[in-house]
Amino acid sequence: MTELRVPPGSGRQGAGPGEDAPDGLAGAAGLPVTASAKSGPSSSLHAPRVVAGWLRWMWRQLTSMRTALVLLFLLAVASVPGSVIPQQGIDPAAVAQYYAAHPALAPVLARLSLFNVFAAPWFAAIYLLLFLSLAGCVLPRTFRLVGSARQQPPRAPRNLSRLPEAASYQTALTPAEALESAAGLLSGNRFRLRRGDGWVAAEKGYLREVGNLLFHIALLALLGSVGIGGIFGYKADRLLISGQSFGNTVTALDQFRPGRLVSPSDLQPFSITLDRFTARYVSSGTLRGQPSSFSAYIRYSARPGAPLRRGVIQVNHPLNVDGVQVFLVGHGYAPIFRITDGAGQVVFDGAVPFIPVEQAGLTSEGVIKVPDADPDQLGFAGVFLPTAVDMKGRLQSAFPAALLPRVSLISYAGNLGLNTGAPQSVYSLDTAHLRRLPIAPRPLAPGQSMKLPGKAGTLTFTGYRQWASLAITYDPGQLPALISGIVAIAGLLLSFAVRRRRVFVRARAAPDGGTVVDLGGIARSDAAGGFETEFASLAAEFRDSQGGTQLTGQDSAVHHDHIPAGRPGETPGRSMSARTGNESSLAHDEEE
C-alpha cells in the first residue's frame, strides 16, 4: 500500500485509511491510497477503514462491465472442453472409449474434471463470479432504468432553432390556444407531456427503457434459473439391456449426480422397461454404415401402481415423465453367454454389455466375470464384431448392424479379486491374480462353444441383445430459463427498435399580431434514422390544424441540422459546438 505524507500546514494530514486520496493522487487503477498512521490509540481505527477501502475497490472491479465481459469470455472458453471431450453425464460409454483409446491422457483429464466440465469446481467458480459481477452491475442499473422510465420530459430549451430538427410558423390563435392545440396533438400521438409557462415539452419512446429493464431483469432471472437447476436438479445414467427394467432409485442407477439440496427421497418414483431397441443404418452409397434411426421401445409407469404406458425414445425426442426427461444417448450389443464350470454346473447364463470402441463397424469390448465357478474363478475379456470380416488375417467389423456376429475371447482362471474391498469396473478385468488359460482365442458364432483346458469348464455363445444408454435429467430451472431467455431477447429487440425522441413547442405573441409557434425536436437514439420524417409530419400537422402560415424569409418550414458542414454562414466547428451545447442544455434541463 502506498504511504502518503502531506506537508505541514496543508490543513489536512492526508486521506484517511480506506479513503480515496485527494487531488487525483490516487493511482490510476483506483487503488485506495492512505496516510501513515500515527502511533497510539488512533492507529487501531485506521485498519477497519483500510479494509473497507480495499473491499470497495475490489467490489468496483468485480462489478465493472469489463470484468463481466472477461468472465463471460472465460465461461465460453471453459465450456469448449465440454463440447470436445466426452462427458460422463451425457455419454458414459464414450468416456469409457476415451479411456481405452488414451490410457495415459484420460487420468490426467479426469483429475482436471474435464470429463465432467459443467460440474467442475473451477467452472462453478467462474459461473459464481460472473453471477456476482452481473448482479452488482445490473441491479443498480435496473433501479436507474426504473427511474428513467418514469421520468418526465425535460424543460423546453429557450432557442429551439438550434436543435437538430426545428420549424416555425405563425398562427392567428393566441399563445395559450396554440400550446393547448399542440399538447392535444402530441398527446394523441402518445407523447408524454410536460407543460410550462409558454412551452410544452413532449417525449416518446419510453418503451426503450422498458426493453432495457426487461433485458437486465431477464438476464438475472436466467442466471438464477441455471442455479436453481444445479441446486435442486439431478442427473443420472442407466444402461438397459433389451428385456430389462429399472426403477428410478439411487441403487438402480449406474451413476447418480444430485444437486446440492437433492436427497435420494426426492427422486420421482417412475419405472421403465426396455422391450426392444432397433437401429437402422445406411446400407449403400458414400454414407454406408451411417445411422439413420435409433428407437428404444419402452413401457413405463409414473409411480408404483400406476398403469403402464408405451412409448418410444429417439434421439432428440426424450421421454417426459413426472417432470423428468429421459434421453437416448447411446447403444450397443450385449452378447449372451452360458458358462459351465469344471463340476458341470451352469454358473453364468445371461447377456453382458460390450462397450463400442469404434463407431464405423461398432466393434465392442467387454469382460465376463464368473466368481461362482469351481474349482477356480473364471474371467474372460474379448471383442464383439457385429459384421466380422477377415482383413489380411485380422478380424474386423465391416458394418455396425449385426449381419455376421462373432465374438472372440481370452480366457483366465484364478482369483478375480472381488473380495478385496477395492472397487472394480464391470467393464475391466483385473488380471493381477489371474492366469491366462492356454487356449487361443477364436471367433465364435452364435451357438458355438469353446471348451476350457484343464477341465475348467465350457463357454457357449448363444446369441446377442441390444442395449440402450439412458440419460435421466431433472432440471426444475429449465422452464424458467427458457422464459427468461425469451424475455431477454424480446427486451433486447424492444430496446433496439424503439427510439427515444423529444419534441418541444414554444409560443409567443408576434409583434404584428397573432402567435409565432416554434417547434424543435431531438432524438436521443436514432442510429437507424427516421426521426426527420416523423418530425416533419408533426410540424405539418401542427401548422395545418392551427391554420398557420410559413414565416416570411424562411426557406423551409422545417429545418434539419444534420449537415456536417454546418448552416450557411457557419463554420463546421461552430455548427458542431452549437449542437453539442444544445444537447448539454437538454441534459441539464433533465436533471432539473
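S.K.: Outline the overall build of the chain, supporting the account with residue identities and numerical values.
M.R.: From N to C terminus, the chain includes ten helices and 27 strands. Taken over 592 residues, the chain has a buried fraction of 42%. Considering only contacts in the chain between residues 6 or more positions apart, those separated by 24 or more positions represent 63%. Surface accessibility of the chain: about 31,200 Å² in total, with carbon and sulfur atoms responsible for 58%.

S.K.: How would you explain the packing of helix α2 (residues 65-84) against helix α5 (residues 121-149) if you had to name every residue and give the values?
M.R.: Packing of α2 against α5 leaves a shortest axis separation of 9 Å and a crossing angle of 150°. Between α2 and α5, the interaxial angle falls into the category roughly antiparallel. Read as a crossing pair, α2 and α5 show a hand that is left-handed. Contacts between α2 and α5 pair M65, T67, A68, L71, L72, L74, L75, A78 and S79 from the former with W122, F123, I126, Y127, L129, L130, S133, L134 and C137 from the latter. Grouping the constituent residues of the contact of α2 with α5 by class yields 15 nonpolar, three polar and no charged.

S.K.: Got a sec to walk through the sheet that holds strand β20 (residues 406-414)? Specific residues and values, please.
M.R.: Sheet strands pair via backbone hydrogen bonds, and the direction of the pair is either parallel or antiparallel. With respect to topology, five strands assemble into an open sheet ordered β15-β16-β17-β20-β21, the strand pairing being antiparallel. At either margin of the open sheet sits one strand with a lone partner, and together these are β15 (355-356) and β21 (434-436). Bridging between β15 and strand β16 (residues 364-370) involves two bridges; their strand directions are antiparallel. Following the sheet pairing, P356 is matched in β16 by S364.

S.K.: A description of the pattern of salt bridges should follow, citing residues and the corresponding values.
M.R.: A complete count under the given rule lists ten salt bridges for this structure. When the shortest N-O distance is used, the salt bridge between R502 and E203 registers 3.2 Å. Of this pair, R502 sits in strand β24 (residues 501-509) while E203 is found in strand β5 (residues 199-204), placing the two residues 299 residues apart along the sequence. Just as R502 is buried, E203 falls in that class too. In this structure, a network of salt bridges that share partners links the residues E203, R500 and R502.

S.K.: Lay out a nonpolar patch on the surface with the relevant residues and their values.
M.R.: A contiguous nonpolar surface patch, about 680 Å² in accessible area, is contributed by L207, V210, L214, L479, L482, I483, I486 and V487. Among the elements of the structure, α7 (207-232) and α8 (478-497) are those that each provide at least two residues to the nonpolar patch. Considering every element that reaches the nonpolar patch, the biggest residue donor is α8, with five residues. Within the secondary structure, V210 is located in helix α7.

S.K.: Report on the packing of aromatic side chains, specifying residues and quantitative values.
M.R.: All chains considered together, the criterion is met by 17 aromatic pairs. Aromatic side chains Y234 and F256 sit 5.7 Å apart centroid to centroid with 55° between the ring planes, which places their arrangement in the tilted category. You can see Y234 sitting in strand β6 (residues 234-241) and its partner F256 sitting in strand β8 (residues 255-258), a full 22 residues away along the chain. Under the relative-accessibility criterion, Y234 is labelled buried at 2%. Both rings, one in F384 and one in Y464, keep their centres 6.1 Å apart while their planes meet at 50°; by these two values the pair is tilted. Of the two residues, F384 sits in strand β17 (residues 377-385) while Y464 sits in strand β23 (residues 457-474), which places them 80 residues apart along the sequence. On the basis of relative accessible area, Y464 is assigned to the partly exposed category, the value being 33%. A cation over an aromatic ring shows up here: R276 above the ring of Y297, its NZ or CZ 3.9 Å from the ring centre.

S.K.: Describe in detail the side chain of T340, supporting the description with residues and values.
M.R.: Looking at where T340 falls in the secondary structure, it is placed in strand β13 (residues 324-341). When neighbours within four sequence positions are excluded, T340 is seen to be in contact with Q345, V346, V347, A456, G457 and T458.

S.K.: Describe the environment of V250, and please don't skip the residues or the numbers.
M.R.: In this fold, V250 is placed in the loop between β7 (245-247) and β8. Overall, the relative accessible area of 31% leaves V250 in the partly exposed class. In sequence terms V250 and L267 are 17 residues apart; their C-alpha atoms lie 8.2 Å from each other. Discounting residues that sit within four places of it in the chain, V250 has contacts with F256, P264 and L267.

S.K.: Kindly report on the sheet that holds β7, identifying the contributing residues and their values.
M.R.: Taken together, four strands build an open sheet; the order of strands is β7-β9-β10-β11 and the sheet is antiparallel. Only two strands of the sheet have a single neighbouring strand rather than two, namely β7 and β11 (309-314). Neighbour to neighbour, the strand axes of the sheet diverge by 30° on average, direction disregarded. Across three bridges, the pairing between β7 and strand β9 (residues 271-281) is antiparallel. Pairing of G247 across the sheet is with S271, part of β9.

S.K.: Mind laying out the confidence of the model for the chain, listing which residues take part and the relevant values?
M.R.: On average, residues of the chain score 82 in pLDDT, and 84% of them are at 70 or above. Residue range residues 33-38 is modelled with pLDDT below 50. Its contacts to residues more than four positions away, or to other chains, number 28 contacts. Overall, residues 560-592 carries pLDDT values under 50, and its contacts beyond four positions in sequence, including any with other chains, amount to 44 contacts.

S.K.: Pulling in residues and values, what's your account of the environment of G330?
M.R.: By the element assignment, G330 lies in strand β13. The exposure class of G330 is buried, given its relative accessible area of 15%. In this structure the C-alpha to C-alpha distance between G330 and A468, which are 138 residues apart in sequence, comes to 5.8 Å.

Thresholds applied
Residues numbered from 1 in each chain as written. Predicted model: local features only at pLDDT ≥ 70, side-chain atom pairs only at ≥ 80, totals over all residues. Heavy atoms only, no water. Helix = DSSP H or I, 4+ residues; strand = E, 2+ residues; numbered from the N terminus. Buried < 20%, exposed > 50% of the residue type's maximum accessible area, 1.4 Å probe, protein only. Contact = heavy atoms within 4.5 Å. Areas by Shrake-Rupley, 256 points an atom, 1.4 Å probe, with all protein chains shown as cover. Axes fitted to C-alpha atoms, helices over the stretch in contact; angles between N-to-C directions. Parallel < 35°, antiparallel > 145°, perpendicular 65-115°, else oblique. Left-handed = near helix turned anticlockwise from the far one by under 90°. Nonpolar A, V, L, I, M, F, W, Y, C, P; charged D, E, K, R; others polar. Pairing = 2+ DSSP bridges. Salt bridge = Lys/Arg side-chain N within 4 Å of Asp/Glu carboxyl O. Patch = residues over 30% accessible without salt bridge, like charges linked within 9 Å, V, L, I, M, F, W, Y side chains within 5 Å. Phe/Tyr/Trp six-rings, centres within 6.5 Å; stacked < 30°, edge-to-face > 60°. Lys NZ or Arg CZ within 6 Å of the ring centre and 35° of its normal. pLDDT = per-residue confidence, 0-100.

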